[in-house]
Amino acid sequence: NSAVFALRSGQVAVQFLAAVWAEGQALLSFTKHNPGWRRQPPGHHYWGWPFEQGGVWSVLERREDWLRRTCIVEAGILHSVQYHRWRANGPSLGAHMPGMSSEDRRKAACRHLAASLS
C-alpha cells in the first residue's frame, strides 16, 4: 500500500527502521495523521490508514536531519491509486486496488501479466 521506498544500507537505516517499528507499537498511532479515522470502522480497507507510512512520517517529523536526506518522487511515478490508469510497461510500477476482492485482484494481475508477455 505504501508503494516503494529504498534505504541505503548502514547504521542510519537500521536506526530509522527501529524508530519506525517502535512508532508502530502503539496500535492507534496512525490517528495522528488521519483525523477522520473514526469514520472508518475496523475491517474497512482504509481502517488504520496511513498504516506504516504514518510511522515513517512521524519519525521524519522528529528527525529533520533524516528528512533532509529523503527523496520523495512525484505522485504517480511509482504507483497509481487509480487502477484503470495502470498500463503494462508504463511509467507506474504498480497499482493500488482497494476494495477489490482477492479474486478480482488476481484476475487483473493475470490480465496485465498476460498482456505484458504478448
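These lines cover the structure that appears in this document, whether it is placed above or below. (Residues numbered from 1 in each chain as written. Predicted model: local features only at pLDDT ≥ 70, side-chain atom pairs only at ≥ 80, totals over all residues. Heavy atoms only, no water.)

A closer look at the pattern of salt bridges
Part 1 of the reasoning: Summed over all chains, the structure comprises four salt bridges.
Part 2 of the reasoning: Here Arg62 makes a salt bridge to Glu23, at a shortest N to O gap of 2.9 Å. One end of the pair, Arg62, is in helix α2 (residues 51-62); the other, Glu23, is in helix α1 (residues 11-23), with 39 residues separating them in the sequence.
Part 3 of the reasoning: Assessed through its relative accessible area of 53%, Arg62 is described here as exposed. (Salt bridge = Lys/Arg side-chain N within 4 Å of Asp/Glu carboxyl O. Helix = DSSP H or I, 4+ residues; strand = E, 2+ residues; numbered from the N terminus. Buried < 20%, exposed > 50% of the residue type's maximum accessible area, 1.4 Å probe, protein only.)

Details of the environment of Val59
Part 1 of the reasoning: Tracing the chain through its elements places Val59 in helix α2.
Part 2 of the reasoning: Classification of Val59 as buried rests on a relative accessible area of 1%.

Quick look at the packing of aromatic side chains
Part 1 of the reasoning: Within this structure, the stated rule accounts for four aromatic pairs.
Part 2 of the reasoning: Here Phe30 and Trp37 contribute two aromatic rings whose centre-to-centre distance is 5.7 Å and whose plane-to-plane angle is 90°, an arrangement assigned as edge-to-face.
Part 3 of the reasoning: Ring geometry for Phe30 and Trp47: centres 5.2 Å apart, planes at 65°, overall edge-to-face. Of this pair, Phe30 sits in the loop between α1 and α2 while Trp47 sits in the loop between α1 and α2, and the two are 17 residues apart along the sequence.
Part 4 of the reasoning: Put simply, the rings of Phe30, Trp37 and Trp47 touch in pairs and so form one group of aromatic residues.
Part 5 of the reasoning: It is Arg63 that lies over the ring of Trp66; its NZ or CZ is 3.9 Å from the centre. (Phe/Tyr/Trp six-rings, centres within 6.5 Å; stacked < 30°, edge-to-face > 60°. Lys NZ or Arg CZ within 6 Å of the ring centre and 35° of its normal.)

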